[in-house]
Amino acid sequence: MIFFLYNLVLTIFFPLVIITITLRSSLGKEDKHRYLEKFGIYNKKKVNNKNLIWFHACSVGEAKSIFSLINFFLKNNHNILITSNTKMSSIYIKENLPKNVTHQFLPIDYQFAVKRFINFWNPRIGIFVESEIWPNLIKLSKKREIPLCLIQASFSKKSIRKWAFFSDFFKSLMKNFNFIIAQSYEDKNRITKAFDIEVVKVLNLKLSSVKLPVNIKDTIKIKKKLKGFKVISALSTHSGEEKILLNAFSKIKKSLDKIILFIQPRHPHRKKEIIRIIKEKNLTYKVRSKLEVPNKNTDVYLYDTFGESGNIISISEIIILGGTLIPIGGHNLVEPAQFGKCIIVGNYYYKIQELVNLFLSEKAIFVSEDYKLEIIIKTLLSDSNTVKNTGNNAKKIIAQSDNPEKYLYKRIMLLIKKNENPSILV
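Predicted, not measured: the structure shown is a model, and the values here were computed from it.

(A) Main features of the overall build of the protein chain. A count of helical and extended segments in the protein chain gives 19 helices and 14 strands. Against the compact-globule benchmark of 22 Å for 426 residues, the protein chain has a radius of gyration of 23 Å, which places it among compact chains. Here the protein chain holds 426 residues, and 54% of them are scored as buried. If you sum the accessible surface of the protein chain, you get close to 20600 Å²; carbon and sulfur atoms cover 53% of it. On the protein chain, the mean spot of the 69 positive side-chain charges and the mean spot of the 35 negative ones are 4 Å from each other.

(B) Broad picture of the packing of aromatic side chains. Summed over the entire model, instances satisfying the criterion amount to 21 aromatic pairs. Judged by centre distance (5.8 Å) and plane angle (75 degrees), the rings of Phe 55 and Phe 73 are edge-to-face. Here the residue Phe 55 occupies a position in strand E1 (residues 52-56), and Phe 73 occupies one in helix H4 (residues 67-75), the gap between them amounting to 18 residues. Each member of the pair, Phe 55 as well as Phe 73, carries the same accessibility label: buried. Where Phe 155 meets Phe 170, the ring centres are 5.7 Å apart and the plane angle is 90 degrees; that geometry is what we call edge-to-face. Remark: Phe 170 occurs in helix H9 (residues 167-174) and Phe 155 occurs in the loop between strand E5 (148-153) and helix H8 (157-164); sequence separation between them is 15 residues. Neither residue differs from the other here; Phe 155 and Phe 170 are each classed as buried. Put simply, the rings of Phe 14, Phe 39, Tyr 110 and Phe 112 pair up and form one aromatic cluster. Residue placement shows Lys 211 over the ring face of Phe 339; its charged tip is 4.4 Å from the ring centre.

(C) Just the sheet that holds strand E3 (residues 101-105), in detail. If you walk across this open sheet you meet the seven strands as E3-E2-E1-E4-E5-E6-E7, and the pairing is parallel. Edge positions in the open sheet fall to E3 and strand E7 (201-202), since each of these has one partner strand only. As paired strands, strand E4 (residues 125-129) and E5 are joined by four bridges and run parallel to one another. Bridge pairing in E5 links Ile 127 to Cys 149. Sitting on the sheet, helix H6 (residues 111-121) touches E1, strand E2 (79-84) and E3, and the angle it makes with E2 is about 165 degrees. Strands in contact with helix H19 (residues 404-420) are E1, E4, E5, strand E6 (179-182) and E7; relative to E6, the strand with the most contacts, it is inclined by about 170 degrees.

(D) Local environment of the environment of Ala 164. Take Ala 164: it is sitting in helix H8. Take Ala 164: its relative accessible area is 44%, and that puts it in the partly exposed class. Sequence-wise, Ala 164 and Phe 195 are 31 residues apart; in three dimensions their C-alpha atoms are separated by 8.1 Å.

(E) Layout of the sheet that holds strand E12 (residues 318-321). Reading across from one edge, E10-E11-E9-E8-E12-E13-E14 is the order of the seven strands in this open sheet, with parallel pairing throughout. Since the sheet does not close on itself, it has two edges, and those belong to strand E10 (285-287) and strand E14 (366-367), each with one partner. Relative to strand E11 (residues 300-302), E10 runs parallel, the two being bridged by three bridges. Paired with Lys 286 across the two strands is Tyr 301, which belongs to E11.

(F) Up close: the nonpolar core. Residues Phe 55 and Phe 262 are the most contacted members of the largest nonpolar core, which totals 49 residues. Listed in part, the 33 residues of the second largest apolar core include Leu 140, Ala 153, Ile 180 and Ile 197.

(G) Structural view of a nonpolar patch on the surface. Nonpolar side chains collect at one region of the surface, where Met 1, Phe 4, Leu 5, Leu 8, Val 9, Ile 12, Phe 13, Leu 16 and Ile 19 lie side by side and expose about 940 Å² of accessible area between them. Within the residue set of the nonpolar patch, elements represented by two or more residues are helix H1 (2-12) and helix H2 (14-26). Take the nonpolar patch: its biggest share by element is five residues, from H1. By the element assignment, Ile 19 lies in helix H2. Exposure remark for Ile 19: the relative accessible area of 55% places this residue in the exposed category.

(H) Broad picture of the pairing of E3. Of all five residues making up E3, five are buried, and the element is well covered by its neighbours. Alternating residues of E3 divide into Val 101, His 103 and Phe 105 and Thr 102 and Gln 104, and every residue in both groups is buried.

(I) How the structure looks around the layout of surface pockets. The computed volume of the second largest pocket comes to approximately 620 Å³. In this structure, the second largest pocket is lined by 25 residues; those nearest its centre are Tyr 6, Leu 10, Ile 108, Asp 109 and Trp 134. Looking at the lining of the second largest pocket, the elements with two or more residues in it are H1 and H2.

Cut-offs applied
Residues numbered from 1 in each chain as written. Predicted model: local features only at pLDDT ≥ 70, side-chain atom pairs only at ≥ 80, totals over all residues. Heavy atoms only, no water. Helix = DSSP H or I, 4+ residues; strand = E, 2+ residues; numbered from the N terminus. Rg over C-alpha atoms; globule rule 2.2 N^0.38 Å. Buried < 20%, exposed > 50% of the residue type's maximum accessible area, 1.4 Å probe, protein only. Areas by Shrake-Rupley, 256 points an atom, 1.4 Å probe, with all protein chains shown as cover. Lys, Arg positive; Asp, Glu negative; His and termini not counted. Charge placed at Lys NZ, Arg CZ, Asp CG, Glu CD. Phe/Tyr/Trp six-rings, centres within 6.5 Å; stacked < 30°, edge-to-face > 60°. Lys NZ or Arg CZ within 6 Å of the ring centre and 35° of its normal. Pairing = 2+ DSSP bridges. Contact = heavy atoms within 4.5 Å. Axes fitted to C-alpha atoms, helices over the stretch in contact; angles between N-to-C directions. Core = buried A, V, L, I, M, F, W, Y, C linked by side-chain atoms within 4.5 Å. Patch = residues over 30% accessible without salt bridge, like charges linked within 9 Å, V, L, I, M, F, W, Y side chains within 5 Å. Salt bridge = Lys/Arg side-chain N within 4 Å of Asp/Glu carboxyl O. 1 Å grid on protein atoms, 1.4 Å probe; cavity = no way out; pocket = protein on both sides within 12 Å on 5 of 7 lines; lining within 4 Å. Points joined across faces, edges and corners; volume = space filled by probe spheres on them.

What follows is the structure, given as structure tokens:
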């Protein structure tokens, strides 16, 4: 009954979906040349799908986390299809994965679109990342006998509460996955307690993800311009966070010189909004997308570009993690940890709580309430040993993590073979 109602609601809202995608395309939030992929309509020839492994990662963070795993399959001559939902993720995947990896936008969960997608690609297996639960996609894949697995399963308390209203429906969907692997023990306990669903293991691919690339030429150029300066960087910021950051930074500037703040917004199209706040604080700024380079008279450098996180992190002394100063829940803290950087997070880190707790236990991170951000930054800027030691501790945590990709590769391949030969037992 719920499945019927779900599809009925989708049908009713179909005109609104068309209008929304058209509007988003006109605003540059959708790829205007590829939006038809979301309806299962493709303007390209099929890749050789004899050994096609299909990954679905909603956005940039999820996509980054599976790059190392994808490389395992590429080394063993598999063809890779990776689907995602956002324009930003499509750009990132195209720029950072080999050309023999095909990217497509995931079809919206209409039966006709999902059927076209499955018929066109016919993957050997579907590997979903984190919390991507699409009823028609799951049901129709299973109907076509495509094995499914959910890795890095992660559901917030809020998501669990929502699904609890449709507990039986959710449980029936989750049973279509041949196996589920959680991102943390907290996620595992949350899933098993709420729905009595088996979670076979806990693995966090983000701990062993590929280190971000750095453009040495660009970073040397900026370092020369900022010689003697301390660089504080805020990564993946959201609306509301820049105001908090700039309030703290403005106060710090009154007592400390030779410091600069780099801001990398999660969504670069918010550039005008951020510049307005910078101007309100009477701070000087440069903009990366204009190919401007900061100098000793620059207060704020706005990194409104894609794919340059490695450059930002490598130049910085202190990293402030976006999505933690307001109730977003946090983003990837592993990336700055891989560079051995001193990391500060705000109060709102519920999406990465287990990782933050691990880092806290090893003195590898600082947690700041809004009103303490200024104090923590000032303290760290005057204590280079603590900055260095905290970064080193973070790097050690990453270095000591296991290699989960090998385990996942073997488990997925076993599932494929089992699907081809039902007599094989796990």
